[in-house]
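# Topology and contacts: notes
Listed below, chain by chain, are the residues.
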Amino acid sequence: MGLQAALVAAAFTVAACAAHTRGAVPVGTTEPDKFLFDKGTEALNARKWLTAREFFKQVTETYTQSSYRPDAKLGIGDTYLGEATAEALVLAINEYSEFLSFYPTNRRSDYAQYKLGMAHFRQMRLPQRDQTETRAALKEFETFVARYPNSSLMPEVKTKLRETRDRLSEADYQVGYFYFRQKWYLGAIARFKAVLKEDPEFTGRDAVYYHYAESLARSNRGVEALPLFEKLVQEFEQSEYLVEAQKRITELKTLTTSKTPGA
């Protein structure tokens, strides 16, 4: 009964919003499409998602030849992105994808591409969980970088792209760390090696260096482990693994020297 009441309330809210916005153009308005678009933008800036969406939909559905139609289409996507529920984010993806399909050369196509990536970005899960949305976000951000190299949005996109790659790399690192804790060093080594190969700029690569090197050292492959411990020390001024890495460097160098003939 509670669910039914909630659905009725939601339907009433949408209907009330539609009734408020539909036919809201004053008599004699010379540019009704602009009037509606401006009202939608005003509501969007006030985070009134449903109201804004209705104004924008009036533009896209009623004034199909309007120069404001593409921006209104983006506005609809922005209301869903702002709403940020699981259902709304799926609808946002649809709006931005349609925009890019309908208006591929529009002056704001870079914005649509960025927001398409953000709609996936906001659905990313923790590193220990499924990374399907993370991969989708990465794909869209990489598409942005390839298509819009001169966009003013590039700094924001690159920041999000780094965060997205970090999430994927962290997920892979966690798998390797699980193998490490289970003392299956062969599996850990393979996973850590793959992380560094696929994402050499991974922000958390100090942890990868350390556990990769430690896995090698515990597998009697100290000669291969030493350069990784050294890279950790060289590349990171601050890391929770620094002290232990420096200790291991000293131990491995001493061990190597003791095994050298004539030492």
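The notes below deal with the structure included here. Bear in mind that the values here come from a model prediction, so they are computed numbers and not experimental data. (Residues numbered from 1 in each chain as written. Predicted model: local features only at pLDDT ≥ 70, side-chain atom pairs only at ≥ 80, totals over all residues. Heavy atoms only, no water.)

This next bit is on the overall build of the protein chain. Across its full length, the protein chain holds 12 helices and zero strands. Its helices and strands in sequence order give the protein chain the pattern α-α-α-α-α-α-α-α-α-α-α-α, from N to C terminus. Looking at the protein chain as a whole, 44% of its 263 residues qualify as buried. Restricting to contacts in the protein chain with at least 6 residues of sequence separation, those with at least 24 account for 51%. (Helix = DSSP H or I, 4+ residues; strand = E, 2+ residues; numbered from the N terminus. Buried < 20%, exposed > 50% of the residue type's maximum accessible area, 1.4 Å probe, protein only. Contact = heavy atoms within 4.5 Å.)

This paragraph deals with the packing of aromatic side chains. Per the stated rule, a full pass over the model turns up 15 aromatic pairs. Residues Y173 and Y177 carry aromatic rings whose centres are separated by 5.9 Å and whose planes lie at 20 degrees to one another, so their mutual orientation is stacked. Pair noted here: Y173 and Y177 are both in helix α8 (residues 154-181), with a separation of four residues, about one helical turn. Owing to a relative accessible area of 28%, Y177 belongs among the partly exposed residues under this scheme. An aromatic cluster is present here, built from Y173, Y177, F180, Y185 and F192 joined pairwise through their rings. (Phe/Tyr/Trp six-rings, centres within 6.5 Å; stacked < 30°, edge-to-face > 60°.)

Bringing the nonpolar core into the picture now. Of all hydrophobic cores here, the largest spans 40 residues; its most connected members are F56, L81, Y114, F141 and F144. When contributions to this core are tallied by element, the ones reaching two or more residues are α2 (32-45), α3 (49-62), α4 (69-83), α5 (86-102), α6 (109-121), α7 (132-147) and α8. F192, L196, F202 and F229 belong to the second largest nonpolar core, which has 28 residues in total. (Core = buried A, V, L, I, M, F, W, Y, C linked by side-chain atoms within 4.5 Å.)

With respect to the element layout, T79 can be found in helix α4. Under the relative-accessibility criterion, T79 is labelled buried at 0%. Not counting residues within four places of it along the chain, the set of residues in contact with T79 comprises L44, W49, A52, R53 and F56. Engagement of the side chain of T79 in a polar contact is seen with the backbone oxygen of I76, the distance being 2.6 Å. (Polar contact = N/O pair within 3.5 Å; in protein donor to acceptor, adjacent residues only side chain to side chain.)

The next subject is unusual backbone geometry. The phi dihedral of K183 is positive, around 65 degrees, even though this residue is not glycine. By the element assignment, K183 lies in the loop between α8 and α9 (185-198). With a phi angle near 60 degrees, N220 is a residue other than glycine that sits in the positive phi range. Tracing the chain through its elements places N220 in the loop between α10 (205-217) and α11 (222-235). A relative accessible area of 74% means that N220 is categorised as exposed.

Turning to the pattern of salt bridges, a few remarks are in order. Note on pairing: side chains with opposite charge can pair once their charged atoms come close. Summed over the entire model, instances satisfying the criterion amount to 18 salt bridges. One salt bridge connects R162 with D199, and the closest N-O pair in it is separated by 2.6 Å. Taken together, the positions of R162 in helix α8 and D199 in the loop between α9 and α10 put the pair 37 residues apart, joining distant regions of the chain. The partly exposed category is assigned to R162, whose relative accessible area is 22%. Judged by relative accessible area, which is 6%, D199 ranks as buried. (Salt bridge = Lys/Arg side-chain N within 4 Å of Asp/Glu carboxyl O.)

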